[in-house]
Structures are given as C-alpha cells and as structure tokens.
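# A look at the structure
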Amino acid sequence: MFRSFFLNRKWFFWAWIISVVILGATQYQVNLNVEINEWFGSFYDLIQRALSEPGSVTFSEYMRELMTFLYIAAIFVVVAVILDFITKHFVFRWRTAMNDYYMAHWHVVRHIEGASQRVQEDTMRFARIMESLGVSFLRSVMTLIAFLPILWELSANVTELPWIGPVAHSLVYVAIISAASGTVLLAVVGVKLPGLEFNNQKVEAAYRKELVYGEDDEERADPPSVDELFGHVRKNYFRLFFHYLYFDIAKWSYLQATVLVPYIALGPTIVTGAITLGVMQQIVRAFSQVENSFQYLVNAWTTIVELISVYKRLRAFEGHIWEYERNGSVPQEMPAE
C-alpha cells in the first residue's frame, strides 16, 4: 500500500514533490483562515461602533470591510479548487502504483477469495479514504499550529471561567479537555465497529463471488446458496445498524453540546462587558478552530473504521505476496486476517 508508491522511483515526483506542494498549499489555506479570523474581529467591532454610535461609520467604510473579506475569500476559493484538483491526481497515482504492484503478482494472488475485488474496489476505497483523511489531518495539524498561539493570546481577555474562577490561558485548556473527552467517548462507544466493518467486507465478497460464478455456470448461484449468503450479509448489516445507532447518538450529542462550550466559558467575561463584540467573535472562531483540530479523531472516526477494514484486507492480500517473495512458492492458505 505504501512501498509501491513512496519507495518506487517511478513515482518519486508524485509521491514526494507533489506531497510538498500539497503541504504548502494547505499551509497557505490555513494562513488565509487566520486572516479571515482577524477580519471578523475588526468587522464586528465596526458593527458594534455603528450600532452604538449612529453616524460614526460611513457606508464606504462598511463596504470596504466587506470587500476585504471578498478579496481574502476569492484567494481561498482559488487555492482550494487547485489543491483539490492536485490532490485527486495524487491519490489516483497512488492507486495506480498499488494496482501495478498487485497485477505484477496476479499469478500469486488470483486464487485468493475476493482477489478481483481487492485489486479493483479495495485499492479505490483505500485511495479515496486516504485522500479524505490525509488532507483533513494535514489541515487539522496546521490549523492547530496557527490558531493555538492566537487562542493562547486571546485567552488573556477572559476574566474567569464559570464555577472555577480565574485561570491563565483558560480557553486552551477548555478546548483540549472538550476534544479529549469526545475522543475517549467515541473510542469506547465505537470499539466494535472496525471488526464489524471488516466482517462486512468478507460476507459481501462471498456473496459477490457466488453471483459472478452464476453468470457463467447455471449450477452456481442457485436460490438456496444465494439465500444463505445474502442472509449472512443481512445479519451483519443489521448488527452494524444497531451498533452505529448508539454510536451516532453519542457522536451527534457530543458535537451539538460542544457548540455551547466557548459561550459557556466566556459567560462571566461577556456579562461583565470585559470584551467587545469583535473580540468575542475572534475568540469563538479561534476556539472552534483549535477544538475542531483536536477533534480530528472524533470527526473522522467513522471513516477511520472503514479504513481499518480496507487496510486489513489489503494487508492480508500483501502477506500472500511477501510469502511468495520470501519462499518462491505460492502459499495455499490465506494469511490470518
């Protein structure tokens, strides 16, 4: 999955040079997001001044602030579109490298259960998931690096936390605790999901294989066999639905509750009028950026579960190839999954 792309000289340009380009573009996106956060502070201070002192702000000043946002947002859109285009090509090259490696050893793995599915579908899913998780992980790390110092400085405006009292740089600690509690919660609640997702791929592959045989052999895919195989599919899906039910309850309840966290933390500061509307907006946005970065595992947990199941299938698939490369013979049994 990795050696065929990152350690292959054929793919050096895409694997390493384009990786650096994606890294740089992602960092630039984060810098633009920091500029937008600063704009929110000045814009809402302007609104507060205009509403509290009628006539103190001209229409041209107001429009100038809006045009500043449009300028930053336009650059952000251009960078986002180009980055997305390059990333998709990067990931497809990765899939191509995996496909070439597996097909070069097709004579070794062709007899394995679901071999065609692993080469065609699993490599496609692996590439798609890595694109989603990889880009979001990079963005989370870089956002954290950019916004953590900002939130650290803005926390100086917070006079005290409710029920606790004064705490230096309190909002940083609140964001960390909030994200950590959600990560632990979903890790515990979703502990059964990776195994069920992996088993789901196995029963789907068995069902698909029998149907493929039935296309060429009228003796295969008879109703009793199909009913039994689809029964396994149905049983596993129903188990997945049940476990995702309480997982989703925990996930969405947590995510909705965290919307209020910065406003609760800012409660004493707001009611005493210690900050302006613009500073409050800056704090809330910076807090959300930091908290969301720490919540990477929370937001990506469902996708990570899917990745684990695909990784286990491809890892076992590659185990067959490695054994052939070591011993020079085709193993008869599928490596343990």
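As the structure is a prediction and not an experimental result, all values here were calculated from the model.

### Topic: the overall build of the protein chain
Of regular secondary structure, the protein chain possesses 12 helices and zero strands. Order of helices (α) and strands (β) in the protein chain, N terminus to C terminus: α-α-α-α-α-α-α-α-α-α-α-α. For a compact globule of 337 residues, the expected C-alpha radius of gyration is about 20 Å, and the protein chain comes in at 26 Å, more than 25% above that figure. Taken over the C-alpha atoms alone, the protein chain extends approximately 85 × 45 × 35 Å along its principal axes.

### Remarks on helix α3 (residues 59-104)
The first and last C-alpha atoms of α3 sit 67 Å apart over 46 residues, in line with the 68 Å expected at 1.5 Å per residue. Within α3, the full set of buried residues consists of Ile72, Ala73, Val79, Leu83, Thr87, Phe90, Val91, Trp94, Ala97, Met98, Tyr101 and Tyr102.

### Quick notes on the domain arrangement of the protein chain
Its domain assignment divides the protein chain into domain 1 (1-156 + 294-329) and domain 2 (160-273). Taking only C-alpha atoms into account, the centre of domain 1 sits 21 Å from that of domain 2. Taken together, the contact between domain 1 and domain 2 spans 21 residues of the former and 30 residues of the latter. Between domain 1 and domain 2, the buried area comes to about 2,400 Å², and carbon and sulfur atoms account for 66% of it. On the domain 1 side of the interface with domain 2, the three residues burying the most area are Trp152, Val298 and Trp301, jointly 26% of the side's total. Here domain 1 and domain 2 share zero salt bridges between them. Applying the counting rule to domain 1 against domain 2 returns two residue pairs in polar contact (both at pLDDT 80 or more). Mapped by element, the contributors of at least two residues to the side of domain 1 that touches domain 2 are α5 (115-154) and α12 (296-327).

### Quick word on the pattern of salt bridges
Pairing between side chains of opposite charge can happen when the charged atoms of each approach one another. Going through the model one piece at a time under the given rule, you end up with two salt bridges. Among the salt bridges present, the one from Lys10 reaches Asp100, with a minimum N-O distance of 3.6 Å. Within this pair, whereas Lys10 is found in the loop between α1 (3-6) and α2 (12-52), its partner Asp100 is found in helix α3, the two being separated by 90 residues in sequence. Judged by its relative accessible area of 59%, Lys10 falls in the exposed class. Two residues, Asp84 and Lys88, come together in a salt bridge whose shortest N-O distance is 2.9 Å. Within this pair, Asp84 and its partner Lys88 are both found in helix α3, separated by four residues, close to a single helical turn. On the accessibility criterion, Asp84 (36% relative accessible area) is partly exposed.

### Focus on the layout of surface pockets
Empty space within the largest pocket amounts to approximately 380 Å³. Residue lining of the largest pocket: 18 residues in total, with Trp94, Met130, Gly134, Val135 and Leu138 positioned closest to the centre. When contributions to the lining of the largest pocket are tallied by element, the ones reaching two or more residues are α2, α3, α5 and α12. If you tally residues by element for the lining of the largest pocket, the top one is α5, at seven residues.

### A closer look at the UniProt feature "transmembrane region" (unreviewed entry) in the protein chain
Feature annotation in UniProt assigns "transmembrane region" (unreviewed entry) to the following positions: residues 12-30, 66-86, 133-152, 172-193 and 260-280. The span residues 12-30 carries 100% helix and 0% strand; its end-to-end C-alpha distance comes to 27 Å. Across residues 133-152 one finds 100% helix and 0% strand; the C-alpha atoms that close the span lie 27 Å apart.

### Examining the confidence of the model for the protein chain
For the protein chain, the mean per-residue pLDDT works out to 81, and 95% of the residues sit at or above 70. Under a pLDDT of 50 for its full length, residues 333-337 has, in the predicted model, 14 contacts with residues more than four places off or in other chains.

### Some points on the side chain of Asn33
Position of Asn33 relative to the elements: it lies in helix α2. Looking at Asn33, the relative accessible area reads 16%, which means it is buried. With residues near it in sequence (within four places) discarded, Asn33 still touches Phe147, Arg285 and Gln289.

### Some words on the side chain of Ser170
With respect to the helices and strands, Ser170 occurs in helix α6 (residues 170-189). When neighbours within four sequence positions are excluded, Ser170 is seen to be in contact with Ser155, Val158 and Leu161.

The rules behind the values
- Each chain has its residues counted from 1, running along the sequence as written.
- Selection of residues for local features in this predicted model requires a pLDDT of at least 70, selection of side-chain atom pairs for listing and counting requires 80 or more, and totals for whole chains, interfaces and linings are taken over all residues.
- Water and hydrogen atoms play no part in the side-chain values, which are based on all heavy atoms of the structure.
- The secondary structure listing takes helices from DSSP runs of H or I that are at least 4 residues long and strands from runs of E that are at least 2 residues long, numbered from the N terminus.
- Values of the radius of gyration come from C-alpha atoms, whereas the globule rule sets the reference at 2.2 Å times the count of residues to the power 0.38.
- In a helix, the anticipated span is given by 1.5 Å times the number of residues less one.
- We call a residue buried when its accessible area falls under 20% of the maximum for its residue type, exposed when it is over 50%, and partly exposed in between, using a 1.4 Å probe and counting protein chains only.
- Bear in mind that the domain bounds are from an automatic or database domain assignment.
- Two residues qualify as a contact provided that any one of their heavy atoms is within 4.5 Å of a heavy atom in the partner residue.
- Two parts placed together each lose some accessible area under a 1.4 Å probe, and the buried area is that loss summed for both.
- Whenever a carboxyl oxygen of Asp or Glu lies within 4 Å of a side-chain nitrogen of Lys or Arg, that contact is scored as a salt bridge.
- Distance and chemistry together define a polar contact, namely a pair of N or O atoms within 3.5 Å, with one atom able to donate a hydrogen and the other to accept it when in protein, and with adjacent residues in sequence counting only for side-chain atoms on both sides.
- Detection works on a 1 Å grid of protein atoms alone, calling trapped sets that fit a 1.4 Å probe cavities and calling open sets with protein on both sides within 12 Å along at least five of seven lines pockets, with lining residues defined by an atom within 4 Å of a point.
- Grid points are joined across faces, edges and corners, and a volume is the space filled by probe spheres set on the points.
- UniProt positions are given in the numbering used here, feature names are shortened, and annotations may be inferred rather than shown by experiment.
- Confidence of the prediction at every residue is given by pLDDT, a number between 0 and 100.

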